[in-house]
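What the coordinates show
Chain by chain, the residues:
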Amino acid sequence: WNNASYRKFNVGSLTSTGYTLSTTGPTYQQKPAINAWAAEFNDVEIDVVADAEGGLFHAGARAIENADGTWTYYYAVFNLNSDFSGAGFSVPASGTISNEGFYAVAYHSGEPYSSAPWEITVGSSDVTWYVGSTYAEDPNANALRWGTMYNFWFTSDAAPAQGEVTLATFKNDGAVTYSTIVPGGPPPVPGDLNGDGFVNGADLAILLGCWGEVTDSTCVPSDLNQDGLVNGADLATLLSDWTGG
């Protein structure tokens, strides 16, 4: 359960044979490299998830707020030592979903396993990635095997919350659940510039402080119609959203 360690590398210039690499810092013993994600960004959540026989997956999640009232949700699942392997990943998702994606390292050098990407389905209440075949149908399907990490992502206009995600397992046709970051909050109100749940004088002050052409990234949210200017049109939108409080 602790037979993985990682070490950081500096990536140098590109040469004809590839990028130059050099190690830096200590070896982080008994921790898989997915933990480096949380070490670099304090809003990353890492969970350890056991399958039905005690094989371990390490799963990470992060939600990044965009400048247009949406969040991009990133997930990574590393199979440390589960022989069952991963076959699917499902996230409960509210709001409008877009830009779904998947990444898996390709098999090569004569390995018998498929490198076909997982299928993605956006339902009314969740986003699901699935290997596409059961173990009985194709034991060489592109399951998430031990020592491998797969990545999943999408964009939603629902704010981050805690929710139960599902990791399906391959050889036993089973599933495990765990709690992590999911889009579960209400879509933001455009005029709520300070994110306190109200549109009031504090938000009006922010907008007026950014009046004119948008040249500062901190003023991008005040450009409510995204035309490059903070002006009367944005003020009208804010006032239409006014809740007081």
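Conventions adopted
Residues numbered from 1 in each chain as written. Predicted model: local features only at pLDDT ≥ 70, side-chain atom pairs only at ≥ 80, totals over all residues. Heavy atoms only, no water. Helix = DSSP H or I, 4+ residues; strand = E, 2+ residues; numbered from the N terminus. Buried < 20%, exposed > 50% of the residue type's maximum accessible area, 1.4 Å probe, protein only. Contact = heavy atoms within 4.5 Å. Areas by Shrake-Rupley, 256 points an atom, 1.4 Å probe, with all protein chains shown as cover. Lys, Arg positive; Asp, Glu negative; His and termini not counted. Charge placed at Lys NZ, Arg CZ, Asp CG, Glu CD. Pairing = 2+ DSSP bridges. Axes fitted to C-alpha atoms, helices over the stretch in contact; angles between N-to-C directions.

Turning our eyes to something else, we now look at the overall build of the chain. Broken down by element type, the chain carries three helices and 14 strands. If one aligns the C-alpha atoms of the chain with their principal axes, the spans along those axes are about 65 × 45 × 30 Å. Relative to its 245 residues, the chain shows a buried fraction of 38%. Within the chain, counting contacts between residues at least 6 apart in sequence, those at least 24 apart form 61% of the total. Here the chain has roughly 12900 Å² of accessible surface; of this, 53% comes from carbon and sulfur atoms. Each charge class in the chain can be summarised by its mean position, and for the 6 positive and 27 negative side chains these summaries are 20 Å apart.

Turning next to the sheet that holds strand β11 (residues 160-169). With respect to topology, five strands assemble into an open sheet ordered β8-β9-β6-β11-β12, the strand pairing being antiparallel. In the strand order of this sheet, the two ends are held by β8 (119-122) and β12 (174-183), each with one partner. Strand-to-strand, the axes of this sheet are offset by a mean angle of 15°, without reference to chain direction. Across four bridges, the pairing between strand β6 (residues 86-92) and β11 is antiparallel. When the sheet's bridge partners are listed, Gly88 is paired in β11 with Ala168.

With respect to the secondary-structure elements, Asn200 resides in the loop between β12 and α2 (201-209). Residue Asn200 is classed as buried on the basis of its relative accessible area of 9%. For Asn200, the residues in contact, after removing those within four places along its chain, are Trp242, Gly244 and Gly245.

Two strands pair when backbone bridges link them, and β11 and β12 are joined in this way by ten bridges, in the antiparallel orientation. What sits directly across from Thr166, in β12, is Thr177. Between β11 and β12, which pair antiparallel one after the other, the connecting turn spans four residues, and Asp173 there sits at a positive phi close to 50°.

Such coordinate-based values are descriptive only and should not be taken to indicate function.
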